[in-house]
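Overview (structure and organization)
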Amino acid sequence: QVQLVESGGGLAQAGGSLRLSCAATGSIFSIDAMRWYRQVPGKQRELVAAITTAGSTNYAGSVKGRFTISRDNAKNTVYLQMNSLKPEDTAVYYCYAVIVPGPLPNTYQYWGQGTQVTVSS
């Protein structure tokens, strides 16, 4: 019954900013990596940013210097601060997490429902 609930998507002008949030709810023992992906029609889902439990981050070259991923482990939440937005950033954004749902060491992958980000020129 673990779920990833996204919020913060919407419409922005080129050069503007948005902040996406993704909160993991349900029975959670621990969370490993958390990531943001995005997808447009006709293209594969692509990795935008990733963060480890220790806070180490990776970014796609197209967003490096503009987007910042962060996490609040106490709230089981990952954020994506998007600045200097471009029309090319328009996509459905999905959060992703590797979660240990119980005392057994097995890990499982969970996806958020997706949130639309539209950037006007």
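That block above? That's the structure.
The sections below set out a description of the structure shown in this document. (Residues numbered from 1 in each chain as written. Predicted model: local features only at pLDDT ≥ 70, side-chain atom pairs only at ≥ 80, totals over all residues. Heavy atoms only, no water.)

**With respect to the packing of aromatic side chains**
For the structure on display, the rule yields three aromatic pairs. An angle of 55° between the planes, with centres 5.0 Å apart, marks the rings of Y37 and W111 as tilted. Here the residue Y37 occupies a position in strand 4 (residues 30-39), and W111 occupies one in strand 10 (residues 108-111), the gap between them amounting to 74 residues. Note on Y37: relative accessible area 13%, which makes it buried. Each member of the aromatic cluster is reached from another via a ring pair, and the members are Y37, Y96 and W111. Directly above the ring of W111 sits R45, whose terminal nitrogen or CZ lies 4.7 Å from the centroid. (Phe/Tyr/Trp six-rings, centres within 6.5 Å; stacked < 30°, edge-to-face > 60°. Helix = DSSP H or I, 4+ residues; strand = E, 2+ residues; numbered from the N terminus. Buried < 20%, exposed > 50% of the residue type's maximum accessible area, 1.4 Å probe, protein only. Lys NZ or Arg CZ within 6 Å of the ring centre and 35° of its normal.)

**Some remarks on the pattern of salt bridges**
Tallied over the full model, the rule gives three salt bridges. The partner of R38 in a salt bridge is D89, with the nearest N and O atoms 3.0 Å apart. Of this pair, R38 sits in strand 4 while D89 sits in the loop between strand 8 (77-82) and strand 9 (91-100), and the two are 51 residues apart along the sequence. The buried category is assigned to R38, whose relative accessible area is 6%. The exposure class assigned to D89 is buried, which follows from its relative accessible area of 2%. (Salt bridge = Lys/Arg side-chain N within 4 Å of Asp/Glu carboxyl O.)

**Focus on the environment of E6**
Mapped onto the elements of the fold, E6 is located in strand 1 (residues 3-7). Overall, the relative accessible area of 6% leaves E6 in the buried class. Along the sequence, E6 and T77 sit 71 residues apart, while their C-alpha atoms lie 9.6 Å from each other. Among all residues touching E6, those that are not within four sequence positions of it are S21, C22, W36, Y93, Y94, C95, G112, Q113, G114 and T115. (Contact = heavy atoms within 4.5 Å.)

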